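Spelled out, the chains give:
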Amino acid sequence: DGDGILSRADIARVVRFVTNTRFADDILDSLMRAADKKGEGQIEYHEFAQWIYNFQVGKFSIEFKPSRISAAKSPPTVAILQEWFAKMDMNCSGAIEYSE
């Protein structure tokens, strides 16, 4: 909703959008516990960034497992990625080259 903070409802909307399905409440609760380090019931930007990516080692956080989200089975995600790829592939070669 643009307020800079992710609520449980915001997380539920993102999960529903990315996976094209609704997650059980216990899974959403688990996601919130993992990301909401202060336990405030909301996720601030820095909490979200630290949950997703470990900046000290330059890798995805151990708590975040992106491979569990099957983007290939999510029509909205596939459509967005195809649109993004088409914009990045400026010469329409079917590949994103370094010069692009």
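One can find the structure itself at the top, above this paragraph.
Let me begin by describing the structure that accompanies this report. Since the model is a prediction, treat every value here as computed from it, not as a measurement. Starting afresh in each chain, residues are numbered from 1 along the sequence in its written order. Where local features are concerned, this predicted model is filtered to residues with pLDDT of at least 70; where side-chain atom pairs are given and counted, the filter is 80 or more; whole-chain, interface and lining totals use all residues. As a rule here, side-chain values cover all heavy atoms of the structure and leave hydrogens and water aside.

**So, the overall build of the chain**
Stated precisely, the cut-off is as follows: Helix and strand definitions here come from DSSP, where helices need a minimum of 4 consecutive H or I residues and strands a minimum of 2 consecutive E residues; each element is numbered from the N-terminal end. Under the scheme applied here, a residue whose accessible area is under 20% of the maximum for its type counts as buried, over 50% as exposed, and between as partly exposed, the area being computed with a 1.4 Å probe on protein chains only. Only the protein chains shown count as cover for residues, with accessible areas throughout obtained via the Shrake-Rupley method and a probe of 1.4 Å.
Counting secondary structure elements, the chain contains 4 helices and 4 strands. Listed N to C, the secondary structure of the chain is β-α-α-β-α-β-β-α in terms of helices and strands. By the burial criterion, 21% of the 100 residues in the chain qualify as buried. In the form shown here, the chain has an accessible surface area of approximately 7,500 Å², with 59% of it arising from carbon and sulfur atoms.

**As for helix α1 (residues 8–19)**
Using the following cut-off: To estimate how far a helix should reach, multiply one less than its number of residues by 1.5 Å. Note on contacts: a residue pair qualifies if any of its non-hydrogen atoms lie within 4.5 Å across the two residues.
Look at α1: 16 Å from first C-alpha to last across 12 residues, which is about the 16 Å you get at 1.5 Å a residue. Among the residues making up α1, those that are buried are Asp10, Ile11, Ala12, Val15 and Thr19. Check the buried side of α1 and you find it contacts β1 (5–7), α2 (25–35) and β2 (42–44). In the stretch just after α1, Asn20 is the one whose phi turns positive, near 60 degrees.

**Some words on the nonpolar core**
Across soluble globular proteins, nonpolar side chains show a tendency to be buried alongside one another. Which entries qualify depends on this criterion: We define the nonpolar core as a collection of buried residues of types Ala, Val, Leu, Ile, Met, Phe, Trp, Tyr and Cys that are connected through side-chain atoms lying within 4.5 Å of one another.
Counting 9 residues, the largest nonpolar core is built from Ile11, Ala12, Val15, Leu28, Met32, Ala35, Ile43, Trp51 and Ile52. If you list the elements that add at least two residues to this core, you get α1, α2 and α3 (45–52).

**Overview of the environment of Ala34**
Mapped onto the secondary structure, Ala34 falls in helix α2. C-alpha of Ala34 to C-alpha of Phe48: the two residues are 14 residues apart in sequence and 9.6 Å apart in space.

**Structural notes on the pattern of salt bridges**
To be explicit about the condition: Salt bridge, as applied in this entry: a Lys or Arg side-chain nitrogen positioned within 4 Å of an Asp or Glu carboxyl oxygen.
Summed over the entire model, instances satisfying the criterion amount to 5 salt bridges. Where Asp10 meets Arg13, a salt bridge forms, and the shortest distance between an N and an O atom there is 2.2 Å. Pair noted here: Asp10 and Arg13 are both in helix α1, with a separation of 3 residues, about one helical turn. Among the residues examined, Asp10 registers a relative accessible area of 6% and is labelled buried. Judged by its relative accessible area of 42%, Arg13 falls in the partly exposed class. In this structure, Glu83 and Lys87 form a salt bridge, with 3.4 Å as the shortest nitrogen-oxygen distance. Pair noted here: Glu83 and Lys87 are both in helix α4 (residues 75–88), with a separation of 4 residues, about one helical turn. According to the relative accessible area criterion, Glu83 is partly exposed, its value standing at 48%. With a relative accessible area of 58%, Lys87 lands in the exposed category.

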